[in-house]
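Structural description and commentary
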Amino acid sequence: MNDAIELLAVPFLACLVLIAIHCQFGLQVLKRNVVFVDLALAQFAALGATVAFMQGHMPNTTAAYAWSLGFAWLAALLLSLIRYAPARVPHEALVGVLYVVAVAAAMLLIEKAPQGAEHLKQILTGSILTTDFSDLAGVVPMYLVIGTILAIAVRRHWFERAGYSGWLADFIFYAAFGLVVTSSVAMAGVLLVFTFLIIPALIGMLFARAEWKQLWVGWLAGVFASVLGLAGSYRLDTSTGATVVCSFGLILGLAFLMRSLGTEKIANSLIPKTIVVASVLVMGISMLWLGIQPKADQPVLDALESQFPSVRHVYLTQQEQLVHTDAQRYIDRYQSEIERLGKLEANARWQAKSLDDEMIQKISSFQQSYNEMVKGERFVMKEVRSRARERLRWPALAMALALLAITSAYFFRSQKRLEDSKRTAE
Amino acid sequence: MSSYWLGLRIWARHLLLFGLAACAATAHAAFPVVTTTTDLQSLVQVVGGDRVQVTSLVTAGSNPESYTPRPQDLERIRQARMVVRIGLDYDLWLDRLLRQSNITGMQRGGAAHVDSSNAITLLEVKQGGLGGGTHAHGAGNPHFWLDPLNSNVITGNIVEALARLDPTNAKYYEKRRIDFLSELERRVSQWQERLAPLAGRPLLAYHNNWPYMARRFKLNIAATVEPRPGIAPSPASLAKLMRRMRDENIHIIIRQPSEPSKDVDFLAQKANGTVVILATSVGDLPQATDYFSLFEYNVSELLKAYANPAK
């Protein structure tokens, strides 16, 4: 537990800081319908860093930073000009074009200087887990200034102005966003920054109308999702960035669900009905599939079995169950043997008594044979299961038909009731 | 058509003719060989001397495992008379290029196709397969050139093919290989002597590049930072590594220059370690200019790191 707190405290702080600024920008970005603008800006910054590298400036130097900022601001200029594009041209498409061209141009440049490739990749693939306290200290003052100015600009409706001053406001908006994104992407990576930008803002828009309320809802939801994601990543032993993104997705889904539960009418009728219909459909389709192709993958049944192995008792005979567990036992034994031999060889590399080539080849051939045997046992398990499943073929088909009959009867009845009520209303 | 364009075309044709003539001249002078990696290029150069002209498809500093061929690579293969590869699943992209080149002898198993992994004692063959926490390569760990003594077998494979395809120079190639091997033996025993104090002392590596090098120099790579090839470590696995570094007194983490630095730097900082950047291929770092200097550099960097741990 202490390890977890030691490791995750700074990443959590980083999440808070990034959500605070990105949610603010996210609301604006969603309003303008230029969702992928952060990717375009970050990619231009990376392109700038590539150019700097080609000029002989090492990454993380002032010159390299100046180049990437220059390119990000060039992108900001182009983005601010999008407002002058004809109305029938979708703005999001232009943002996408900026993004792909910047990616491709950077790739072409990197081909010329492959040794810089990794440094450049790191501009776009930050990792929140290894964020440093000093990284945070460097950006917080800047975010504070930018965030305050943005809040004032929104309050005074600067972005809604027409003409030259409107364009200038837009340009400054994108330039400031470029500054934010260049630093945040290096810290947290493209995926996570996109998530921080869009999902809290979406949740805010879902629950509130006034902009300051949307901001607060977004922030709260973001904090909650970050805690969930970071803790989940530690518990499940998974990559932090990807887990946090998934937890934000989950929270967004829950938010939608809560929102629809909030409206009473839907809560009373639609949601329970949808759940029933969906589960009946899933059951019906998987039964039907089991009937048609009992030997193929059965996603629902397989998932059920992996969660509750006792499901197998229902359709495997005593004999089959015995064979199945036996095969599993052999697999475990072979695999532990493979591992033991592997460890033996790896340790012998540095221990006083080393293995000669012949011994190593012997070990390899043993491991290969064990692997083959594992495959054999896996085949046995699969075969036993699919044979038993073949016996389920006709019952499954019958069940599927029964389900179909029941649901269609129910459907027709409710349809009829609806018509009846319409008629009485008339 | 304007005279400007006509002039340009004539000029281009002259250039082409001149280029072809130049190619023909060098083809007579030197036997053209293409290799997939810079390490093989260096070894072909060692045995071929000035009688071969060798190009590596993967340029210095690029990652051969994720290489995407360029249009000119086909031209490079067509102009060569022999191709040398690492083999296993390391440079699978070569097969498609070879098929496209449509030269029978160059295909897998052909007379002009040298698989340098032939007759190498491979480590980690099918060990655990996917998810076994080892290298993803089912056919065995492909970084075998990092055991310097394996270059004995690799140059053997190369010279066998060279002598067959270019018999007039066979004696020359064989002589150069023998010279190389005696120099190799001298250097390997030197390196072993210098690294002897480090034998068995545990260290970490980012990727599972080093089993062959570890075996030759008795290095104890206690664990890899990435749990599986290409997968960044999770917080739980980083915490475990931190604990191991403290408990087992591990202070050195090895990283290849193109591998991500963040996790490694983070670990080093948290657990008071030093990151050593080592070359896995010729040209990964400016100091690793050929096969010998690759090891020369790696050995001295390792020694330096052990001499003053925890910067």
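Before reading further, recall that the structure is shown in the block above.
Note that the structure is predicted; figures quoted are calculated from it, not measured.

Turning our eyes to something else, we now look at the overall build of chain B. Scanning chain B from N- to C-terminus turns up ten helices and eight strands. Looking at chain B as a whole, 52% of its 311 residues are labelled buried. Residue pairs in contact within chain B that sit at least 24 positions apart in sequence constitute 62% of those at least 6 positions apart. Total accessible area on chain B stands at roughly 13,900 Å², and carbon and sulfur atoms take up 56% of it.

Moving on, we get to the pairing of strand 2 (residues 52-56) of chain B. Residues and elements named next belong to chain B. Alternating positions in strand 2 separate cleanly, V52, V54 and S56 being buried on one face and Q53 and T55 remaining unburied on the opposite face. With five bridges connecting them, strand 1 (residues 31-35) and strand 2 associate as parallel partners. Paired with V34 across the two strands is T55, which belongs to strand 2. In this fold, strand 1 hands off to helix 2 (residues 38-48), which returns the chain to strand 2; that crossover is right-handed.

It is worth spelling out the packing of helix 1 (residues 2-32) of chain A against helix 7 (residues 163-188) of chain A at this point. Two measures define how a pair of helices packs: the angle their axes make with one another and the distance between the axes. Residue and element names in this part refer to chain A. Closest axis-to-axis distance for the helix 1/helix 7 pair is 11 Å, and the angle between their directions is 135 degrees. As summarised for this structure, helix 1 and helix 7 are arranged oblique, according to the angle between their axes. Crossing of helix 1 over helix 7 shows left-handed handedness. Judged by residue contacts, L18, I21, H22, F25, Q28, V29 and R32 of helix 1 engage D170, F173, Y174, A176, F177, V180, S184, M187 and A188 from helix 7.

Core analysis: the biggest nonpolar cluster contains 91 residues, and F25 and V37 of chain A together with L204 and L267 of chain B have the highest contact counts within it. Examining the composition of this core, we find that 15 residues originate from one element, helix 1 of chain A, more than from any other. Those residues in contact with L267 of chain B, other than ones at most four positions away along the chain, are L204, V225, L238, L241, M242, M245, I253 and N272 of chain B. Core analysis: the second largest hydrophobic core is formed by 70 residues, A327 and L341 of chain A together with L43 and L181 of chain B among them.

All names here are of chain B. A sheet is described by the order of its strands in space; here four strands give the open sequence 6-5-7-8, paired in parallel fashion. This sheet does not close on itself; its edge strands, each paired only once, are strand 6 (220-224) and strand 8 (274-277). Strand after strand, the sheet turns through a mean of 35 degrees between neighbouring axes, direction not considered. Bridge count between strand 5 (residues 202-205) and strand 6: four bridges; the pairing is parallel. Opposite A205, over in strand 6, you have T224 as the bridge partner. In this fold helix 8 (residues 235-247) packs onto strand 5, strand 6 and strand 7 (252-255), with an angle of close to 155 degrees to the strand it touches most, strand 6.

Here we come to the interface of chain B and chain A. Many structure descriptions define interface size as the accessible area lost when the parts assemble. Contact with chain B, which involves 45 residues of that partner, is made by 40 residues of chain A. For the pairing of chain B and chain A, the buried interface totals around 3,200 Å² over both sides, and the portion due to carbon and sulfur atoms is 50%. For chain B, the biggest contributors to the area lost against chain A are R215, P235 and K262 of chain B; these three give 19% of the whole. Between the two partners, chain B and chain A, sit three salt bridges. Taken together, the connections running from chain B to chain A amount to nine residue pairs in polar contact (both at pLDDT 80 or more). Mapped by element, the contributors of at least two residues to the side of chain B that touches chain A are helix 7 (211-217), helix 8 and helix 9 (262-270) of chain B. Of all the elements, helix 8 of chain B adds the most residues to the side of chain B that touches chain A, at eight residues. Partitioning the side of chain B that touches chain A into residue classes produces 18 nonpolar, 15 polar and twelve charged.

About the thresholds
- Residues numbered from 1 in each chain as written.
- Chains lettered and ligands numbered in written order.
- Predicted model: local features only at pLDDT ≥ 70, side-chain atom pairs only at ≥ 80, totals over all residues.
- Heavy atoms only, no water.
- Helix = DSSP H or I, 4+ residues; strand = E, 2+ residues; numbered from the N terminus.
- Buried < 20%, exposed > 50% of the residue type's maximum accessible area, 1.4 Å probe, protein only.
- Contact = heavy atoms within 4.5 Å.
- Areas by Shrake-Rupley, 256 points an atom, 1.4 Å probe, with all protein chains shown as cover.
- Pairing = 2+ DSSP bridges.
- Right-handed = clockwise from strand over helix to strand, strands pointing away.
- Axes fitted to C-alpha atoms, helices over the stretch in contact; angles between N-to-C directions.
- Parallel < 35°, antiparallel > 145°, perpendicular 65-115°, else oblique.
- Left-handed = near helix turned anticlockwise from the far one by under 90°.
- Core = buried A, V, L, I, M, F, W, Y, C linked by side-chain atoms within 4.5 Å.
- Buried area = accessible area lost by both parts, 1.4 Å probe.
- Salt bridge = Lys/Arg side-chain N within 4 Å of Asp/Glu carboxyl O.
- Polar contact = N/O pair within 3.5 Å; in protein donor to acceptor, adjacent residues only side chain to side chain.
- Nonpolar A, V, L, I, M, F, W, Y, C, P; charged D, E, K, R; others polar.

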